[in-house]
Amino acid sequence: MKVSTSFLFFFGAFVLEMSIVHANHGNFQNCSKSQHAGIGVVVEKSSRVGREQTIAMDMAIHDICRITKTACSCPILYVKDSQGNPARSVYEVMDLMDHKQVHAIIGTISPEEATLVAEFDKATKNIPIISLTPTATTSLPQSAALTSFVQMSHDITTHTECIAAIIGHFNWRKVTSIYEDHSTFSSSHSLLTHLSDALQLVGSTIECHFTFPPLHYLSNPSIFIEEKLKKLKMKGNKVFILLKSSLASCILLFEKANQLGMMEKGYVWIISDDISSLLDSVDQSVILSMQGVVGFKTNFEDTSESFRDFKLQFRSKFRTKYPNEEYSNPSIYAARTYDATWAVVRSIQASNGLSSSKDILESILQTEFSGVSGNISFKDGKLAQHPTFTIINVIGRSYREIDFWSPDFGFSRHKLGNGEGSLDLIYWPGGTQKIPTGQIWSGNEGKPLKIGVPAKGAFNQFVKVSYDPNKNKTSVTGFSIEVFEAAVKQLPYSLSYIYIPYNGSYDEMVAEVYNKTLDAAVGDTEIMADRYEYAEFSQPYIDSGLVRVVPIKSNSMKEGFIFLYAFTAKMWIILLAMTIGTVSIVWFNEHVHGNEDFEASSSLECISRMLWFAVAVLSLAHREVIKNNLSRLVLSTWFFVNVIVAASFTATLSSIMTVSTFQQPLDHLGNNDVVGCNGNSFIVRYLVNVLHYKPENIRNINSIEDYPEAFKKGEIAMAFFVSPHASVFLGKYCHDYEKIGPTYKLGGFGFVFQKGSPLVEDISEAVLKLTQNGEINTLNENMLRSSSNCSLLAQESNGPRGTLGPKPFTGLFMISGSISALVFFTTLGRLVADHQASIWSLTLSTVIIRRIGKWLMLLLIRIRVIQCDPNVEMTLNQETA
């Protein structure tokens with residue numbers, strides 16, 4: 001038979017090992033009992049971690065004795081089983097100290113347990129206790145001086161910071177923590193506190209936490225876990241963090257989570273280092289129940305030669321001792337236990353077993369070497385080196401490493417070459433790569449929210465409720481609905497809701513929210529102080545105020561002579577007087593100084609020439625030559641005045657012409673006038689209580705189309721709108737109505753929620769985001785554009801927007817045309833008077849010429865006819881006669 005090389009290698013190694021063990025056994029027998037130092041061990045033997053730890057300790061003792069070749073100085077391990085019970089763990093530690101005279105104790109001992117030991121037995125409190133718990137407590141209890149307590153693990157804050165970094169990367173705002181509490185003396189509040197502090201830094205909080213005792217404490221663990229998970233499923237938060245758990249509890253937890261549908265799309269599960277580090281030691285059924293789980297595990301160099309040798313020996317021993325275990329790979333717990341045992345044994349050997357416990361402790365704390373789990377050194381009673389965690393994603397038959405995280409550098413593979421973050425390539429529960437929102441709204445016990453919407457609003461541009469009889473379906477649309485649905489999309493969780501059309505007033509709808517008949521209300525609901533007594537409002541999604549709207553009463557005469565309103569009547573009189581006075585002074589001054597251009601044959605000619613000079617001199621078109629310096633001084637000053645006045649006139653007239661109509665004064669409108677408004681809104685109450693209108697003078701208008709009819713019939717003199725409604729109304733009837741008077745500031749339109757509802761803050765934040773990115777403004781513009789006729793009417797009447805039609809210049813055209821017509825008819829009259837005889841003779845000659853032409857025409861026709869037929873000559877003669 002041919003024997004393989006690998007078989008010979010393992011057989012030789014086995015024979016060598018057995019011979020060494022036999023030799024050491026013989027040496028132990030020859031050594032006195034007092035020569036052996038004792039090391040106490042307290043672990044849970046029945047657990048996977050406990051089994052790995054006991055084998056790792058045996059390996060460490062064996063390797064040290066083999067290397068040092070001093071069998072008599074090799075410590076003896078006194079292994080005790082804590083059975084996962086903290087009280088038993090304390091008892092076993094005290095028993096080892098009192099009866100076994102151990103030099104050190106190694107085991108899964110918590111700081112609380114070590115504190116209790118120190119309080120009971122102060123004489124032995126200096127014996128070094130090496131804790132193998134997965135995480136190290138940041139601050140030890142102050143009730144006892146645990147100077148001899150050494151933690152073979154990294155600070156707990158690094159673990160919670162890693163969890164917070166994952167949560168913060170995906171912007172999950174609320175999480176649920178789950179942990180198995182093994183401590184009889186503490187409820188692991190410290191762990192929750194550290195996690196809460198870390199989450200706070202990334203804007204997240206622990207919404208609820210689920211604590212359960214070890215499984216052997218429960219009469220029916222399966223039912224207990226199932227009932228707890230059912231309660232968690234009913235909550236809105238879907239991000240679960242398994243902070244601390246034994247492997248058996250973890251397996252049962254995920255088994256029940258699968259059965260309850262909590263490993264499907266939308267859920268998030270994060271496991272900590274103490275579970276992730278054991279995934280190499282579980283069978284396929286466990287892995288398949290954890291599909292999509294994200295975790296982190298302490299990263300250590302598992303490719304080094306020392307670890308490969310350790311792994312080879314460990315697997316051999318583990319298979320021999322536990323043949324029923326399917327997987328025999330060592331975890332970080334085995335590697336750290338091996339290194340911890342090595343550090344303790346070397347410290348004891350260095351003291352030859354004669355030094356005090358304090359010396360051994362100092363030797364352990366000063367230890368510094370490269371172990372199979374990495375570099376080993378201590379600071380403040382914990383491992384000194386900052387850890388690096390491997391982020392893993394359970395998928396398929398195992399897990400894959402997707403990133404690394406360290407407290408110094410954060411995520412090291414945060415971005416890949418293709419621009420995608422490595423954390424964005426995770427397969428979540430349900431097999432999807434879409435990042436779960438992490439939360440759904442379940443404030444209504446899992447039922448969809450009942451959201452009331454106004455069914456009888458006067459402006460259906462904001463909320464429109466329509467029913468399709470063919471599909472037997474009610475649809476709700478409008479600007480307010482679009483804003484709400486856009487805000488819901490911004491939420492970090494899914495929100496299930498249905499719209500409930502409400503036929504009452506807005507105040508009654510708010511009251512229904514208060515009575516919890518409705519969970520919320522969405523629509524063009526004004527935020528009012530008195531409504532805050534019954535409900536809460538979100539951030540206003542659009543500003544509003546109360547405004548007056550009246551019909552436009554066009555004054556054609558006033559608009560036609562709009563240029564006259566650039567100056568006041570007083571100003572026009574002063575300008576006329578100054579013009580006439582200035583021209584008269586110049587004319588008089590030049591006439592006195594003998595300027596022939598300013599001579600006139602009569603008073604009438606003098607006045608007419610003076611007036612013309614006043615006009616011509618403004619454009620420098622006058623023919624008269626100014627010869628006197630005093631006249632030049634007067635005209636220079638007058639020119640300067642005219643330049644300033646002309647510029648002011650142009651600016652004022654331009655400003656006036658940009659307004660198509662003159663707003664009506666409020667003097668003729670008072671509280672005794674009949675006004676119209678939406679009777680379902682708060683406006684009626686506001687008019688009566690604030691503006692002091694009489695209730696009998698307020699008319700209820702049901703829809704936007706009813707306002708023009710009410711104005712036309714004279715039923716109302718004025719209408720009151722909130723400004724968003726006024727914009728819609730004026731957009732639809734843009735050239736017939738206008739806003740007048742002040743705007744009374746209001747709270748704006750907001751969404752209504754029950755008192756204390758967490759949706760208020762979330763929706764408000766979403767509304768702010770929509771406001772800042774301009775989405776609400778775009779939705780508002782689309783609504784106004786779809787319901788407005790202004791642009792079309794403006795093009796049909798006045799041309800493109802911003803241009804002027806002939807109407808403002810009608811007065812000027814009338815004045816200029818009237819003067820031209822007067823001059824034309826005056827000149828024509830004089831012409832007729834001067835040439836009446838000539839015109840009469842010209843008229844008589846025209847008549848004579850027409851008579852002669854007619855006679856000649858008849859003669860030519862007669863000649864032509866006779867040539868064709870001579871018999872008709874007599875007939876023609878008779879007709880001619």
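Residues numbered from 1 in each chain as written. Predicted model: local features only at pLDDT ≥ 70, side-chain atom pairs only at ≥ 80, totals over all residues. Heavy atoms only, no water.

Asks: Lay out helix α5 (residues 156-169) in plain terms, naming residues and giving numbers.
Replies: Taking 1.5 Å as the rise per residue, α5 with 14 residues should run 20 Å; its terminal C-alpha atoms sit 20 Å apart, in good agreement. Where burial is concerned, most of α5 is hidden: 11 out of the 14 residues are buried. Of the residues making up α5, those classed as buried are I156, T158, H159, T160, C162, I163, A164, A165, I166, I167 and G168. A side-chain oxygen of the first residue of α5 lies 3.0 Å from the backbone nitrogen of T157; this N-cap is D155. After α5 finishes, the residue N171 shows a positive phi value of roughly 60°. (Helix = DSSP H or I, 4+ residues; strand = E, 2+ residues; numbered from the N terminus. Expected span 1.5 Å × (residues − 1). Buried < 20%, exposed > 50% of the residue type's maximum accessible area, 1.4 Å probe, protein only. Polar contact = N/O pair within 3.5 Å; in protein donor to acceptor, adjacent residues only side chain to side chain.)

Asks: Before we move on, can you summarise the UniProt feature "transmembrane region" (unreviewed entry) in the protein chain with the specific residues and values?
Replies: Under the present numbering, the feature "transmembrane region" (unreviewed entry) in UniProt falls on residues 562-588 and 633-657. Helix makes up 74% of residues 562-588 and strand 0%, whereas the separation of the span's terminal C-alpha atoms amounts to 36 Å. (UniProt positions renumbered as here; feature names shortened; annotations may be inferred.)

Asks: Can you tell me about the sheet that holds strand β2 (residues 76-81), naming the residues and giving the values?
Replies: Within the open sheet, the 5 strands sit side by side as β2-β1-β3-β4-β5. Their pairing is parallel. Unpaired on one side and paired on the other, β2 and β5 (149-151) mark the two borders of the sheet. Going from strand to strand, the sheet's axes swing by 20° on average, the running direction of each strand aside. As paired elements, strand β1 (residues 38-43) and strand β3 (residues 104-107) share 4 bridges and run parallel to each other. Residue I39 lies in a different strand from β3, and its bridge partner there is A104. (Pairing = 2+ DSSP bridges. Axes fitted to C-alpha atoms, helices over the stretch in contact; angles between N-to-C directions.)

Asks: Before we move on, could you go through the pairing of strand β27 (residues 718-722) and cite the residues and values that matter?
Replies: Counting buried residues along β27, 5 of its 5 residues qualify, which places the element largely inside the surrounding structure. Burial of β27 is two-sided: the residues M718, F720 and V722 facing one way and the residues A719 and F721 facing the other way are all buried. Both strand β24 (residues 545-551) and β27 contribute to a ladder of 4 bridges, which runs antiparallel. Paired with V547 across the bridge in β27 is F721.

Asks: An account of a nonpolar patch on the surface is needed here, citing residue identities and associated values.
Replies: Taken together, the side chains of F640, V641, V643 and I644 present a nonpolar region at the surface, about 380 Å² in accessible area. In this structure, I644 sits in helix α19 (residues 629-657). (Patch = residues over 30% accessible without salt bridge, like charges linked within 9 Å, V, L, I, M, F, W, Y side chains within 5 Å. Areas by Shrake-Rupley, 256 points an atom, 1.4 Å probe, with all protein chains shown as cover. Salt bridge = Lys/Arg side-chain N within 4 Å of Asp/Glu carboxyl O.)

Asks: Hey, could you go over the side chain of T337 for me, with residue numbers and the actual values?
Replies: Mapping T337 onto the fold places it in helix α12 (residues 332-350). Looking at T337, the relative accessible area reads 0%, which means it is buried. With near-sequence residues (within four places) excluded, T337 lies in contact with Q53, A56, M57 and L132. (Contact = heavy atoms within 4.5 Å.)

Asks: An account of the nonpolar core is requested, with residue identities and associated values reported.
Replies: Core analysis: the largest hydrophobic core is formed by 78 residues, its most contacted members being I178, L229, F254, M262, W269, M290 and F310. At 10 residues, the largest contribution of residues to this core is made by α12. If we ignore the near neighbours within four places in the chain, the residues touching W269 are I178, L229, F240, L253, F254, A257, M262, M263, V293, V294 and P429. With 67 residues, the next largest nonpolar core counts V549, I716, Y733 and F753 among its residues. (Core = buried A, V, L, I, M, F, W, Y, C linked by side-chain atoms within 4.5 Å.)

Asks: So what about the packing of α12 against helix α13 (residues 357-365)? Which residues, and what values?
Replies: For the pair α12 and α13, the least separation of the axes is 9 Å and the interaxial angle reads 130°. Relative to α13, the element α12 is oriented oblique. Considering the relative orientation of α12 and α13, their crossing is right-handed. Contact residues: α12 offers A343, V344, S347 and I348, while α13 offers I360, S363 and I364. For the contact of α12 with α13, the per-class residue count stands at 5 nonpolar, 2 polar and no charged. (Parallel < 35°, antiparallel > 145°, perpendicular 65-115°, else oblique. Left-handed = near helix turned anticlockwise from the far one by under 90°. Nonpolar A, V, L, I, M, F, W, Y, C, P; charged D, E, K, R; others polar.)

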